[in-house]
Amino acid sequence: MKNKRVEIILILISVNFLILLFAILNPQIKINSPLSQNGIELKSISFNELTDFRVTAYNEKADSLLKAQLKNSQNQTDNSNYGSLKEAEYLDNPIVGDEAPLDKFFEALIKESSSKLVRIAHYGDSQIEGDRITSDLRELFQKKFGGNGAGFIPLIDITNNVSSYVYATPNWERHSVFNNRIRGSRYGIGGLVFRFSKYGKIEIKPKKKNGDSIDVEIDTEIENNETEEIIPKTPEVPVPIVPDTSNSLSASNYKTKKNRSLKVLQAGFMSSSLQDEPDEPEKNGKKDSIQYQTVYMPVASLTVGMQKFGSFSRITLLYGDAPENFDINVIGSNNKNLYSKTVPESKGLKLLNIGLNGYSPKLKFEFEGGKSPDIYGIYFDSTAGVQIDNYGIRGHSGDGLRLIDPSFLASQYKLLNTKLIILQFGMNVTPILKSDKAVEKMEEMYFEVFKHIREAAPEASILVIGVGDMGKIINGSYQSNPYIPKLNAVIKKTAIANGCAYWELFEMMGGANSIINWSNNGFAARDGHIREKGQKLVAGELFKSLMTELNNYKIRKGL
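**A few points about the overall build of the chain**
Assigned secondary structure in the chain consists of 11 helices and 30 strands. Relative to its full complement of 559 residues, the chain shows a buried share of 50%. Surface accessibility of the chain: about 27700 Å² in total, with carbon and sulfur atoms responsible for 50%.

**A look at the pattern of salt bridges**
Any two side chains of opposite charge can pair, so long as their charged atoms come close to each other. Going through the model one piece at a time under the given rule, you end up with 18 salt bridges. Residue Arg132 is joined to Glu129 by a salt bridge in which the shortest nitrogen-to-oxygen separation is 3.8 Å. Residue Arg132 shares its accessibility class with Glu129, and that shared class is buried. Taken together, the shared-partner salt bridges in this structure form one network comprising Arg119, Asp381 and Asp389.

**Focus: the side chain of Ser461**
Structurally, Ser461 can be placed in strand β27 (residues 461–465). Take Ser461: its relative accessible area is 0%, and that puts it in the buried class. At 2.8 Å, the side chain of Ser461 and the backbone oxygen of Pro101 are in polar contact. Reaching out from Ser461, the side chain makes a polar contact with the backbone nitrogen of Phe105 at a distance of 3.0 Å. If we ignore the near neighbours within four places in the chain, the residues touching Ser461 are Pro101, Leu102, Asp103, Lys104, Phe105, Lys419, Leu420, Ile421 and Arg454.

**Section: helix α4 (residues 103–111)**
Residues Asp103, Phe105, Phe106, Ala108 and Leu109 constitute the buried set of α4. Here the buried face of α4 lies against β4 (117–124), α5 (134–145), β25 (385–392), β26 (418–424), β27 and α11 (532–557).

**Some details on α11**
Counted at 1.5 Å a residue, the expected span for α11 with its 26 residues is 38 Å, and the 37 Å between its end C-alpha atoms agrees. Just beyond α11, the residue with positive phi is Gly558, at close to 70 degrees.

**Structural notes on the packing of aromatic side chains**
The full count for this structure, using the stated rule, is 22 aromatic pairs. For the ring pair Phe105 and Phe106, a centre distance of 5.8 Å and an interplane angle of 40 degrees mean the geometry is tilted. When its relative accessible area of 0% is taken as the criterion, Phe106 is described as buried. Put simply, the rings of Phe105, Phe106, Phe141, Phe145, Phe543 and Tyr553 touch in pairs and so form one group of aromatic residues. Seen from the ring of Phe523, Lys533 lies directly overhead, with NZ or CZ sitting 4.7 Å from the centre.

**Re the sheet that holds strand β30 (residues 501–503)**
In space, the six strands of this open sheet follow the order β3-β30-β27-β26-β4-β25, with mixed pairing throughout. Whereas interior strands pair on both sides, the edge strands pair on one side only; in this sheet they are β3 (91–92) and β25. Of the strand pairs in this sheet, β4 and β25 are connected by eight bridges, and their pairing is parallel. Bridging from a neighbouring strand, Val118 pairs with Val386 of β25. Contacts from helix α7 (residues 436–456) reach β26 and β27, with the element oriented near 160 degrees to β27.

**Here's the deal with the nonpolar core**
Grouped together as the largest cluster of nonpolar side chains are 84 residues, with contacts concentrated most on Tyr123, Trp172, Leu302, Phe365, Phe367, Phe380 and Leu423. When residues of this core are assigned to their parent elements, the largest contribution, eight residues, is made by α7.

**With respect to the packing of α7 against helix α8 (residues 484–497)**
Here α7 crosses α8 at 30 degrees, and the two axes come no closer than 9 Å. Taken together, the axes of α7 and α8 lie roughly parallel to each other. With respect to the hand of their crossing, α7 and α8 are arranged in right-handed fashion. Only Lys486, Leu487, Val490, Ile491, Lys493, Thr494, Ala495 and Ala497 of α8 make contact with α7, whose side of the interface consists of Asp436, Val439, Met442, Glu443, Tyr446, Phe447 and Phe450. When the residues that make up the contact of α7 with α8 are grouped by side-chain class, the tally is 10 nonpolar, one polar and four charged.

**Points about the pairing of strand β7 (residues 172–176)**
The buried count for β7 comes to four of five residues, which makes it a mostly enclosed element. In this sheet, strand β8 (residues 192–196) lies alongside β7 in antiparallel orientation, the contact comprising five bridges. By the bridge assignment for β8, Arg174 is matched with Phe194.

**Structural notes on the environment of Leu416**
Tracing the chain through its elements places Leu416 in helix α6 (residues 406–416). Linking Leu416 and Leu351, residues 65 residues apart in sequence, is a C-alpha distance of 8.7 Å. The residues contacting Leu416, other than those within four sequence positions of it, are Arg119, Ile189, Leu318, Leu351, Tyr379 and Tyr391.

**Thoughts on the confidence of the model for the chain**
For the chain, mean pLDDT is 80; residues scoring 70 or higher make up 74% of the total. When the criterion is pLDDT under 50, residues 76–84 qualifies, and its contacts beyond four places in sequence or with other chains add up to 21 contacts. The model gives residues 212–287 a pLDDT under 50, and that stretch makes 156 contacts with residues more than four places away or in other chains.

**A few points about the side chain of Asn481**
Following the sequence through the fold, Asn481 ends up in the loop between β29 (477–480) and α8. Accessibility expressed as a relative area gives 5% for Asn481, which makes it buried. Within the structure, the side chain of Asn481 is placed 3.0 Å from the backbone nitrogen of Tyr483, a separation counted as a polar contact. Those residues in contact with Asn481 that sit more than four places away from it in its chain are Thr430, Pro431, Met470 and Lys472.

Cut-offs applied
- Residues numbered from 1 in each chain as written.
- Predicted model: local features only at pLDDT ≥ 70, side-chain atom pairs only at ≥ 80, totals over all residues.
- Heavy atoms only, no water.
- Helix = DSSP H or I, 4+ residues; strand = E, 2+ residues; numbered from the N terminus.
- Buried < 20%, exposed > 50% of the residue type's maximum accessible area, 1.4 Å probe, protein only.
- Areas by Shrake-Rupley, 256 points an atom, 1.4 Å probe, with all protein chains shown as cover.
- Salt bridge = Lys/Arg side-chain N within 4 Å of Asp/Glu carboxyl O.
- Polar contact = N/O pair within 3.5 Å; in protein donor to acceptor, adjacent residues only side chain to side chain.
- Contact = heavy atoms within 4.5 Å.
- Expected span 1.5 Å × (residues − 1).
- Phe/Tyr/Trp six-rings, centres within 6.5 Å; stacked < 30°, edge-to-face > 60°.
- Lys NZ or Arg CZ within 6 Å of the ring centre and 35° of its normal.
- Pairing = 2+ DSSP bridges.
- Axes fitted to C-alpha atoms, helices over the stretch in contact; angles between N-to-C directions.
- Core = buried A, V, L, I, M, F, W, Y, C linked by side-chain atoms within 4.5 Å.
- Parallel < 35°, antiparallel > 145°, perpendicular 65-115°, else oblique.
- Left-handed = near helix turned anticlockwise from the far one by under 90°.
- Nonpolar A, V, L, I, M, F, W, Y, C, P; charged D, E, K, R; others polar.
- pLDDT = per-residue confidence, 0-100.

Here it is in structure tokens:
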């Protein structure tokens, strides 16, 4: 019995000795595995980590900030006191000579917003896509300076948008500077191009007797290219959209390439693929029953409805080269035609004013033509005040903006009267940073991005927003990604070097480990994506910083 006890004690000592030895040596072991293309990496805990007995605590600064912001958010709709501080928090707007980076924007606010529309372009990744943060900031600006409408609306929206919804027929194509790129560099101001065609791909699902799915079948008995028109009911609220893969089709009556008619046997919506037709997935070694059918669609349409900013006084279509004439019709409620026009073929950038003969909260835009023009977006605006356009692209690092022809981009900024450009990137590069050398590479990239935008917009102000706090599992617990401060230092350095202002989101949130407080209180997800409550607070703090700096501008200019 005694020998057994001694053996157990010796085993425990040996195991602990091995753990200590591995911690001192800290080896990196990589094992090839069929479960991972890059293999499985085994890493031992380091000696410093092994002997660190500190407990990661909540960020007290973040806690106090959240409590204060929650208290102030009750009066956030009254923004008359914004700008009362002497110094703007978290904002760097360095004065060089007698001018600061935000001066051109402030000058436009004071001199132009009462008589014409002053635009702000808000670029970013999934942190802002779907009009998140932007919509809250828009609300604050329009309340103080006037204006209405949601601004830029993409013809295909691959995410749920907090301000609007779009139903597009599947004969639309979406191209961006991030994926599904076009040939050439004539992208729209938001890095997007939309084109329609006479054919679209739809997903055909087998009929189910007792289910909520749509019953669709191909009728092979109809001849002579005749079609049977059965139009499904349009829902009152938008159908949730699966990101990057599907949208909703709001009408049928389309002929297939095989001259067969597609019939919708029950009222509902058909799912449509926006990407190239995928390979059929396999289940248990057998192909799934999902099939895709190419159908003839002479008209490309999209239905737009507003969930916020429903009041607007002007609709414009931004488009580029039109190789042929194309027709556009706008239909309101009760199928009332509110606008019709044949747009002539043209080259170069155009802004078409769509003057509606009446008002409708939901509008259906129909496009028809032999060859599609390059369409960059639809804008719902006022004629004066301030508008903020959301140009969020999921997964984007910002580098794709360099693909836009600078002179073409400059023409769009001028045509739309864009006076402030907000660049909010870095969230997608943070997780891949593994060394200081990787951070140095980001310095070169962001310098070129900011330089590209500065050269395209010499008469506009540029504001760069740093990366907010993001959680990462380190030694079994969520902590701040350690490379965020280093990346933000690089972003700030390159922004200031290119004559841009800089706003520090990371410090505004509370600094290191603030993401734990934000996520526990429902203001953000642990991966750094800011939720609804947090979005309002970020927008409020950013607006407060800008209004404080506006007051400083007035004092400096003697206004």
